[in-house]
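Each chain is listed here by its residues.
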Amino acid sequence: MRVLVIGGTSFMGPEVIKRLFNLGHEVTVFHRGQTRTELPAGVHEMLGDRNDLSSFRSKIQELKPDAVLDMICLTERQAKTLVQTLDGIVNRVIVASSQDVYRAFGLVNGTEKGAIEPVPIDENGVLRHNLYPHREFAKTEERRNYDKILVERVVMNAPGIEGTIIRLPAVYGPNDKQHRWYSFLKPMSDQRPYILLSESLAGWRWTRGYVENMAEGILQAVLNDQAKGKIYNLGENEAFTMKEWVKKLATSLQWKGKIVVLPDSKLTETYSWGINAEQDVIFTSDKIRSELGFTETVSLEDGLKRTIDWELKNPPETHGLDYEAEDEIMRLHHAKTQP
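Computed from a prediction, not measured in an experiment: that's the story for all the values here. (Residues numbered from 1 in each chain as written. Predicted model: local features only at pLDDT ≥ 70, side-chain atom pairs only at ≥ 80, totals over all residues. Heavy atoms only, no water.)

(A) Summary view of the pattern of salt bridges. Tallying each qualifying case throughout the model produces 19 salt bridges. With its nearest N and O atoms 2.7 Å apart, the salt bridge here joins Arg 103 to Glu 117. On the criterion of sequence distance, the pair formed by Arg 103 in helix α4 (residues 103–109) and Glu 117 in the loop between α4 and α5 (141–144) is long-range, its members being 14 residues apart. Exposure class is identical for Arg 103 and Glu 117. Each is buried. (Salt bridge = Lys/Arg side-chain N within 4 Å of Asp/Glu carboxyl O. Helix = DSSP H or I, 4+ residues; strand = E, 2+ residues; numbered from the N terminus. Buried < 20%, exposed > 50% of the residue type's maximum accessible area, 1.4 Å probe, protein only.)

(B) Here's a closer look at the pairing of strand β1 (residues 2–6). Where burial is concerned, most of β1 is hidden: four out of the five residues are buried. Across five bridges, β1 lies against strand β2 (residues 26–31) in parallel orientation. Paired with Leu 4 across the bridge in β2 is Thr 28. For the crossover that starts at β1, traverses helix α1 (residues 12–22) and ends in the parallel β2, the hand is right-handed. Here β1 pairs with strand β4 (residues 67–70) via four bridges, running parallel. Residue pairing for β4: Val 3 is matched across the bridge by Ala 67. (Pairing = 2+ DSSP bridges. Right-handed = clockwise from strand over helix to strand, strands pointing away.)

(C) Structural detail: the sheet that holds strand β6 (residues 162–168). Overall, parallel pairing links the seven strands, which are arranged β3-β2-β1-β4-β5-β6-β10 in an open sheet. Looking at the sheet topology across the chains shown, the edges are occupied by β3 (44–47) and β10 (230–233). Strand after strand, the sheet turns through a mean of 20 degrees between neighbouring axes, direction not considered. In terms of strand pairing, strand β5 (residues 92–98) meets β6 through seven bridges, oriented parallel. Bridge pairing in β6 links Ser 98 to Leu 168. Docked against the sheet, helix α3 (residues 76–86) engages β1, β4 and β5, running at close to 170 degrees with respect to β5. Its contacts with the sheet put helix α9 (residues 211–223) on β1, β4, β5 and β6, and the angle it makes with β6 is roughly 170 degrees. (Axes fitted to C-alpha atoms, helices over the stretch in contact; angles between N-to-C directions. Contact = heavy atoms within 4.5 Å.)

Now the structure itself:
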């Protein structure tokens, strides 16, 4: 099978590419050449900007791909260019999307109003009514126009295209540029005596997925013809609370400190992430498991160990941790709770 991967040089992408190549498929990666990554010898590269994808139509036609996997389609314009460029060349298109398309995410981030959405949410869940979720704070035009809802509409409604959409959860693991667990791991590695959590965030649940397992799910969608014309949620079966996640990190690091849960009013907004934690964002991945046979290839415990090892060896440039401020918070807390 010949597969063209658009993007795919960071985080999940290399994991998908390695799996495809190791299974004997011919893989070409279209990317800008700005991200340094080690791809298997034998993987072909096509350098270019995806915003100029139409200029590469003849080269793509020469490849005669059986399928195209787009890992970085962010805007309606990019989606339209994608399907126009591939028109008459290939009809199998798989797009990495996000579970931020659901109304539940809008409620969490404050862009949607009204009643809480029941969870877990399947692929028929209510989508956001308000488009362009990043527009209010976006720093680039691309991010201003970001909306996976519009990307999905274009791909799934394009004549001659048999699209597949993979709605991804909060993905963690090695090479996670968002460093999702670092703010907890750093204090643990520094042997801090406590981790502070706000009451609202401590009980909040968000479906997550370890990077290698999410790559396996994408792989199954690329290789399985049953995925044609389908939308799938992807993620771990169980959505733990934030406090439960911190406990799991502590166990893996053998940290003996205490998790201290305090009222939101006693902490800055940093500790509550500024979200509406009344809305959990829990999604069921039953469909991709039953139809495509997806299952995790890396255990939760091993995934966390690999994540922790990478995070501590590759700290972010800034992290916002302030141990002195936390010590003052704890001093005031103890002063008010002492008889």
